[in-house]
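Residue-level structural notes
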Amino acid sequence: LRDQTQVLSSILDSLEDGVVVADANEQLVLVNRAAERIMGVALQSLPATERSAHYGLFLPDQVTPFPHDELPLRRAVCGESTNDVGVFIRNPTTPTGAWLTLSGRPLTYADGSPRGGLVVIRDVTAQRAAEHALRESEERYALAAKGANDGLWDWDIARGCIFFSERWMEMLGIDPSTITASPDEWFGRVHSDDVQKLREDIAAHLNLQTPHFENESRMLHQDGTYRWVLSRGFAVRDATGRATRMAGSHSDVTERKLYDALTGLPNKALLMDRLEWLAARAARQTTAGFALLLFGLDRFKMVNESLGHGVGDQLLVAVSQRLGRLIRPADTFARIGADEFAVLLEECPGVHEATRFADQLQAQLVQPFHVGGETVFSSASIGIALGGGGTVSRPQEIWRKADTAKNRAKAKGRGRHELFDSAMHKRAYQQLQLETDLRQAIERGEFRLHYQPIITLATGQLAGFEALVRWYCTAKGNVIAPGEFIPLAEETGLIVGIGDFVLREACRQLAEWRGQHGGQLDLFMAVNLSARQFGQPDLKSQIEDTVIASSLEPRSIKLEITESVIMEDALAATHTLEQLKALGLQLCIDDFGTGYSSMKYLRDLPLDSLKVDRSFVAKMTEDAANHEIVSTIVRLAHNLGLDVIAEGVESIGMANALQQLGCEYVQGFHYARPMEAEAAQRFISSHPPTTSGSKNQSA
Ligand code: C2E
Ligand code: CA
Ligand code: CA
């Protein structure tokens, strides 16, 4: 029996709920751990005689409105059951007190005579708090929704019907007498471009992928216009987690979607809307023309960076206020980007009016701005495009024209305006054509490499080649030099694919030549890396893969990176170069002397060579200053432990001068022009380089 009692008490102690047993004389005979924890007393450690003194505790008489005789334990001892009586107690362990439910059961002997009573105590504080919070938040939500002027909806998913509040209908101009309880009242009004996303957002929440439902879409107002509506909602789920109901709000956020928060000006979406409308009107009827002016604030980035974003914001507000005074009611003045603005002149008969307006804008901007205790001067590069007035043009096209003109204005210097004209059109068109051709060139494999020999000056032996890309353009039917397409390839990002090809092909070619010489050919291959390539985050792994695939020693690849690319962000460049160096590649600064090298960085960069820019080499024999520059570069390189390559060597005179300066390598038309692979292969045969076995150790 004793054992049984022990088993029983450990079972009781393992329960979450408190259990208290009293005998017929209202003496406590059993209190489990949970009961002690909930009530905040430790009875088990007390002798049985002292426990009874705590009897009252388990009849939580701290609860004032509760008559003592009504308490569950007492009623249980008196032979009565009670169901979940809720009480609030204050006890020493929880400063705020606890909500409990108590349920009592009488205990009897086998013959039915009273033996005492038992009470089960459950702490429901957390549950009550949650219920309370929910109710409170629901009330708050309803209040907030009312205050915020939101429309409400409540969707019974199981039954497929939906309730819309009056405000909801009002928001969309719907007559309440015509509305049905179908969800189609909602979905049927959503803009066709937005419906898919809306359905996805709802599904994501119903499938528990998002904590709440939120979506922005355009909804059709009865007046035929679309309004931007922000929907928010929350699903109510059954015990299995399946959503049975979803309720939420709709708010009209058209203002926010169409106006810039900082300046209060229309934003790009609204501007485009007006532009579309004007273009459509111009297509229908012959009206006077309109004009679109796009402009960016010159040096805004500098203001932001040097004076802080706060001052930057103030400047934008000040600009929008000052320029706003020039705008007539029918015109649209919009902020379309960080420091980009646009003016749409609804009635602008011609070039003269548009440029005069641009002059007015400019005149306002050159007056100093006083912001954040500073005086700031500004100006704008303005691009102008004309529309309407008998010409038919699409809004996107007008936009692109103004943008092209703006870029021209910027390129010509600060504080200018440019009108989009047909020459610009032609240039833009050619550029576009070239870009299209360039994209196809990669797919069609129209790139080939030419190789220009690099010679060891002291011995006249072949040291390596520089790989130079050529575009065998089938569309134009001629070979295009890199100078004509590399800048565009850079701008469009196409250079990454091209550069990838160049490195792969150059490695493959060198490996092939080496194979033809039984692996004994000691030549390096110089490969140019463009700025964009150099900035690729996965540059290292990509080069590593290519070099490994070619089975060449990494040492035989020499990467050429221009001085300006490196010095633009010397710190980042140091890091990238170190990564490349770790692969075992050789590194060379190209076009050295044309940029502004920082000696501090130069010393720390893991370089092998400097390549003196062609412009200095070309004039070194006729111009003492250039001779001096080359001489200085050679000395500098040697002091840094680097070797020197002179490019653009066109005469024996230059070669002699370079030899006197101690320059290691030369490259130029005097030795050989860049040539196709087959010619380069013949060049190798006629100018045998050192073989690995007989390498001149002193070179
Ligand atoms: P770069 O890296 O300075 O290449 C040397 C350029 O000088 C080559 O022009 C070459 O043909 C030319 N050159 C060589 N010797 C002489 C000479 O004695 N006199 C004169 N006047 N010129 C000489 P190319 O092939 O037209 O390349 C022009 C530029 O295009 C290159 O300048 C390089 O910046 C870029 N480029 C060429 N191939 C690639 C490439 O595969 N990737 C990248 N990113 N850029 C490349
Ligand atoms: Ca080069
Ligand atoms: Ca160069």
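Residues numbered from 1 in each chain as written. Chains lettered and ligands numbered in written order. Predicted model: local features only at pLDDT ≥ 70, side-chain atom pairs only at ≥ 80, totals over all residues. Heavy atoms only, no water.

1. Observations regarding the environment of Tyr 596
Along the chain, Tyr 596 turns up in the loop between strand 23 (586-592) and helix 22 (599-604). Here Tyr 596 falls in the exposed class, since its relative accessible area comes to 78%. When the C-alpha atoms of Tyr 596 and His 250 are compared, they prove to be 58 Å apart, with 346 residues separating the residues in sequence. Setting aside its immediate chain neighbours within four residues, Tyr 596 contacts Glu 563 and Met 567. (Helix = DSSP H or I, 4+ residues; strand = E, 2+ residues; numbered from the N terminus. Buried < 20%, exposed > 50% of the residue type's maximum accessible area, 1.4 Å probe, protein only. Contact = heavy atoms within 4.5 Å.)

2. Some thoughts on the coordination of the calcium ion (ligand 2)
Looking at the calcium ion (ligand 2), the protein donor atoms are Glu 466 (OE), Asn 528 (OD1), Glu 560 (OE) and Asp 590 (OD), and they sit 2.1 to 2.3 Å from it. Sequence spacing of the donor residues for the calcium ion (ligand 2), all on one chain, is E-x61-N-x31-E-x29-D. In this structure the calcium ion (ligand 3) is found 4.1 Å away from the calcium ion (ligand 2), and Asp 590 serves as a bridging donor for the pair. Of this pair, Glu 466 sits in strand 19 (residues 462-473) while Glu 560 sits in strand 22 (residues 557-562), and the two are 94 residues apart along the sequence. Of the two residues examined, Glu 466 and Glu 560, each falls in the buried class. (Donors = N, O, S within 2.8 Å, 3.2 Å for Na, K, Ca; no water.)

3. Thoughts on the sheet that holds strand 13 (residues 340-345)
Here we have 5 strands laid out as an open sheet, ordered 12-13-11-16-17, and mixed in their pairing. Single-partner strands in this sheet number two, and they are strand 12 (332-335) and strand 17 (417-419). In this sheet, neighbouring strand axes are inclined to one another by 15° on average, regardless of whether the strands run parallel or antiparallel. Two elements, strand 12 and strand 13, share 4 bridges in a ladder whose sense is antiparallel. Each bridged residue has a counterpart across the sheet, and for Ala 334 the counterpart in strand 13 is Ala 342. Of the strands in this sheet, strand 11 (290-297), strand 12 and strand 13 are in contact with helix 12 (residues 309-324), which crosses strand 12 at around 175°. (Pairing = 2+ DSSP bridges. Axes fitted to C-alpha atoms, helices over the stretch in contact; angles between N-to-C directions.)

4. Let's talk about the side chain of Ser 378
Looking at the secondary structure, you find Ser 378 in the loop between strand 15 (374-376) and strand 16 (380-387). When near neighbours in sequence (up to four residues on either side) are disregarded, Ser 378 contacts Leu 297, Asp 298, Arg 299, Leu 365, Val 366 and Phe 369.

5. Brief notes about the site of ligand 1
Of all residues adjacent to ligand 1, which total 22 residues, the nearest are Gln 452, Arg 470, Arg 614, Glu 650 and Phe 669. Within the side chain of Gln 452, a nitrogen or oxygen atom sits 2.9 Å from a nitrogen atom of ligand 1. Measuring from an oxygen atom of ligand 1, one finds a side-chain N or O atom of Asp 590 at 3.0 Å. A total of 790 Å² of accessible area belongs to ligand 1 in isolation, and the protein chains cover 82% of it. Residue assignment for the shell around ligand 1 shows that the elements contributing at least two residues are strand 19, helix 16 (482-492), strand 21 (524-529) and strand 23. When residues in the shell around ligand 1 are grouped by element, the largest group, 4 residues, is from strand 19. Of the residues in the shell around ligand 1, the class split is 9 nonpolar, 6 polar and 7 charged. (Near = heavy atom within 4 Å. Polar contact = N/O pair within 3.5 Å; in protein donor to acceptor, adjacent residues only side chain to side chain. Areas by Shrake-Rupley, 256 points an atom, 1.4 Å probe, with all protein chains shown as cover. Nonpolar A, V, L, I, M, F, W, Y, C, P; charged D, E, K, R; others polar.)

6. Details of the side chain of His 450
Within the secondary structure, His 450 is located in strand 18 (residues 447-456). Judged by its relative accessible area of 12%, His 450 is buried. Here His 450 is in contact with Glu 466, Ala 467, Leu 468, Arg 470, Tyr 472, Pro 674, Met 675 and Glu 676, once residues within four sequence places are set aside.

7. Some thoughts on the nonpolar core
Formed by 80 residues in total, the largest nonpolar core has its most connected members in Trp 513, Ile 543, Leu 559 and Leu 658. In terms of residue count, the dominant contributor to this core is helix 17 (residues 495-516) (8 residues). Among all residues touching Ile 543, those that are not within four sequence positions of it are Leu 503, Leu 529, Leu 559, Leu 580, Leu 583 and Leu 585. Counting residues in hydrophobic clusters, the runner-up holds 30 residues, among them Leu 293, Val 343, Cys 348 and Ile 382. (Core = buried A, V, L, I, M, F, W, Y, C linked by side-chain atoms within 4.5 Å.)

8. Quick look at the pairing of strand 24 (residues 609-612)
Along strand 24, one buried face is formed by Ser 609 and Lys 611 and the opposite face, lined by Leu 610 and Val 612, is buried too. Sheet analysis places strand 23 next to strand 24, joined by 3 bridges and oriented parallel. Bridging across to strand 24, Cys 588 finds its partner in Ser 609. Traced from strand 23 through helix 22 to strand 24, the parallel crossover comes out right-handed. In terms of strand pairing, strand 24 meets strand 25 (residues 643-647) through 4 bridges, oriented parallel. (Right-handed = clockwise from strand over helix to strand, strands pointing away.)

9. Some words on the environment of Ile 382
Inspection of the secondary structure assignment puts Ile 382 in strand 16. You can call Ile 382 buried: its relative accessible area is 0%. Residues Ile 382 and Arg 414, 32 residues apart in the sequence, show an inter-C-alpha distance of 9.5 Å. Other than its neighbours up to four places away in sequence, Ile 382 contacts Leu 293, Leu 294, Phe 295, Ala 358, Leu 361, Gln 362, Ala 405, Lys 406, Ala 409, Arg 416, His 417 and Glu 418.

10. What to know about helix 12
The end-to-end C-alpha separation of helix 12 is 22 Å, in line with the 22 Å expected for 16 residues at 1.5 Å each. Restricting attention to buried positions, one finds in helix 12 the residues Val 311, Gly 312, Leu 315, Leu 316, Ala 318, Val 319, Ser 320, Arg 322 and Leu 323. (Expected span 1.5 Å × (residues − 1).)

11. Examining the pattern of salt bridges
Summed over the entire model, instances satisfying the criterion amount to 33 salt bridges. A salt bridge links Glu 505 to Arg 508; the shortest N-O distance between them is 2.9 Å. Taken together, the residues span about one helical turn, with Glu 505 and Arg 508 both in helix 17 at a distance of 3 residues. Each of Glu 466, Glu 560, Lys 611 and Glu 647 takes part in a single network of salt bridges with overlapping partners. (Salt bridge = Lys/Arg side-chain N within 4 Å of Asp/Glu carboxyl O.)

12. Section: the environment of Pro 368
Tracing the chain through its elements places Pro 368 in the loop between helix 13 (351-366) and strand 14 (369-371). What makes Pro 368 partly exposed here is its relative accessible area of 28%. Residues Pro 368 and Ser 378, spaced 10 residues apart in sequence, show a C-alpha to C-alpha distance of 7.2 Å.

13. Topic: the sheet that holds strand 6 (residues 151-156)
The strands that make up a sheet are held in pairs by hydrogen bonds between backbone atoms, and each pair lies either parallel or antiparallel. Ordered in space as 7-6-10-9-8, the 5 strands form an open sheet in which the pairing is antiparallel. One side of each edge strand has no neighbouring strand; the edge strands of this open sheet are strand 7 (161-164) and strand 8 (213-220). With direction set aside, neighbouring strand axes in the sheet form an average angle of 25°. Relative to strand 7, strand 6 runs antiparallel, the two being bridged by 4 bridges.

14. A short note on the confidence of the model for the protein
Here the protein shows a mean pLDDT of 87. Residues at 70 or above account for 91%. When mean pLDDT is compared element by element in the protein, strand 26 (residues 665-667) scores highest at 98, while helix 5 (residues 125-147) scores lowest at 68. Note that pLDDT drops below 50 for residues 693-699; the model gives that stretch 5 contacts with residues more than four away or on any other chain. (pLDDT = per-residue confidence, 0-100.)

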